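# Inside the fold
Residues per chain, in single letters:
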Amino acid sequence: MTRTATPVVRPSIATRGRALALALPCALLCALLPHAALALPGFRALPARGVEAANVEQARVLALSLLRRARPALGPEDVRLADAAARELAAARFLASTDQQSLRTCASRDYSLFVDPQEPRRIYICDEVRPYARAGGAAAIAVLAQGFVHESAHLTGVHDECAATRFELAVMDRTIGRRSAGSRISYRC
Ligand SMILES: [Zn+2]
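Only a predicted model underlies this, so the values are computations on that prediction, with no experimental measurement involved.

## Considerations on the overall build of the chain
Within the chain, the secondary structure is distributed over 8 helices and 5 strands. Counting from the amino terminus, the chain carries its helices and strands in the arrangement β-α-β-α-α-β-α-β-β-α-α-α-α. Within the chain, the fraction of its 189 residues that count as buried is 40%. The contacts of the chain with a sequence gap of at least 6 include a subset with a gap of at least 24, amounting to 72%.

Here's what the structure looks like:
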């Protein structure tokens, strides 16, 4: 990731086919390790009392606040989406890339953050985003929050990248302004 004045966070979404392919190595372990089989290989919850998890939670709180604050300036469809996105984001679990397998998953599609349509209420955090979570501070938290707004739209079932990006930018434009150029660069919407 290029860490500049216009940070690049590329929210994205895994395709069903890829998610299934990645889940296959786990399939044989499902009976023995039902919980391990639920997440993509190499992605783990952040240590509960660590600074990174605390910063991710701060970013979630900010994203939820942005979804609420943007409401009065959004059209009726986006208000409904903002409400649904907030419900999903409030209940979502975050899983961070921790090894070479997850690194490859992220690198293969140039992901920064993504959701798997087969796994409700989970947001995957790739390696290039973790420095923001480790660093904390208002600027880094705001970059993460913008990404979470985008992913929260996906969690409601909006799989079209341009629709998710348009919603993300509508929320940011009506609140604290855009803090990442990532999804615009990636999807050219
Ligand atoms: Zn996306």
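## What about unusual backbone geometry?
A positive phi angle, close to 60 degrees, is found at Asp-110, a residue other than glycine. Structurally, the position occupied by Asp-110 is in the loop between helix H4 (100-109) and strand E4 (113-115). Asp-110 gets classed as partly exposed once you count the C-beta atoms within 10 Å, which come to 13. For Arg-121, which is not glycine, the phi dihedral falls at a positive 55 degrees.

## Describing helix H3 (residues 76-91)
Compared with the 22 Å implied by 1.5 Å per residue over 16 residues, the 23 Å span of H3 between its first and last C-alpha is a close match. Those residues of H3 not exposed but buried are Asp-78, Leu-81, Ala-82, Ala-85, Ala-86, Glu-88 and Leu-89. Its buried side turned inward, H3 meets helix H2 (51-70), helix H6 (138-155) and helix H7 (161-173).

## Topic: the packing of H6 against H7
The description of two helices packed together rests on the angle between their axes and the distance between the axes. The interhelical angle for the contact between H6 and H7, taken along N-to-C directions, is 135 degrees, at an axis separation of 9 Å. By the angle between their directions, the pair H6 and H7 is classed as oblique. Crossing of H6 against H7: the hand is right-handed. In this structure, H6 uses Gln-146, Val-149, His-150, Ala-153 and His-154 to contact H7, whose residues at the interface are Ala-164, Thr-165, Phe-167, Glu-168, Val-171 and Met-172. Counted by class, the contact of H6 with H7 contains 6 nonpolar, 4 polar and 1 charged residues.

## Some details on the nonpolar core
Among the nonpolar cores identified, the biggest contains 44 residues, and Ala-63, Leu-67, Tyr-124, Ile-125, Leu-144 and Ala-145 are the most heavily contacted of them. Those elements giving two or more residues to this core turn out to be H2, H3, strand E3 (93-97), E4, strand E5 (122-125), helix H5 (130-135), H6 and H7. The element contributing the most residues to this core is H6, with 10 residues. With residues near it in sequence (within four places) discarded, Ile-125 still touches Phe-94, Leu-95, Ala-96, Ser-97, Leu-113, Arg-130 and Ala-133.

## Notes on the pairing of E5
With 4 bridges connecting them, E3 and E5 associate as parallel partners. Across the sheet, the residue bridging to Arg-93 is Arg-122, located in E5. The sheet contact formed by E4 and E5 spans 2 bridges and is antiparallel. In the strand pairing of E5, Phe-114 is matched with Tyr-124. Taking the residues that link successive antiparallel strands as the turn, the E4-E5 hairpin has 6 residues, and the phi of Arg-121 there is positive, at about 55 degrees.

## So, the confidence of the model for the chain
Low-confidence regions, as indicated by low pLDDT, have predicted coordinates that should not be scrutinised in detail. Per-chain confidence: the chain averages 84 in pLDDT, with 79% of residues scoring 70 or above. Scored below 50 in pLDDT, residues 1-6 shows 4 contacts in the model against residues more than four places distant or in partner chains. With pLDDT under 50 throughout, residues 13-37 is counted as low confidence; its partners more than four residues away or in other chains account for 23 contacts.

## Regarding the pairing of E3
For E3, a buried count of 4 out of 5 residues is recorded, marking the element as mostly surrounded by other parts of the structure. With 2 bridges joining them, strand E2 (residues 43-44) and E3 adopt antiparallel strand pairing. Its bridge partner being in E3, Arg-44 is matched across the sheet by Ala-96.

Cut-off values and rules
Residues numbered from 1 in each chain as written. Predicted model: local features only at pLDDT ≥ 70, side-chain atom pairs only at ≥ 80, totals over all residues. Helix = DSSP H or I, 4+ residues; strand = E, 2+ residues; numbered from the N terminus. Buried ≥ 20, exposed ≤ 12 C-beta atoms within 10 Å, placed from the backbone. Contact = placed C-beta atoms within 7 Å. Expected span 1.5 Å × (residues − 1). Axes fitted to C-alpha atoms, helices over the stretch in contact; angles between N-to-C directions. Parallel < 35°, antiparallel > 145°, perpendicular 65-115°, else oblique. Left-handed = near helix turned anticlockwise from the far one by under 90°. Nonpolar A, V, L, I, M, F, W, Y, C, P; charged D, E, K, R; others polar. Core = buried A, V, L, I, M, F, W, Y, C linked by C-beta atoms within 7 Å. Pairing = 2+ DSSP bridges. pLDDT = per-residue confidence, 0-100.

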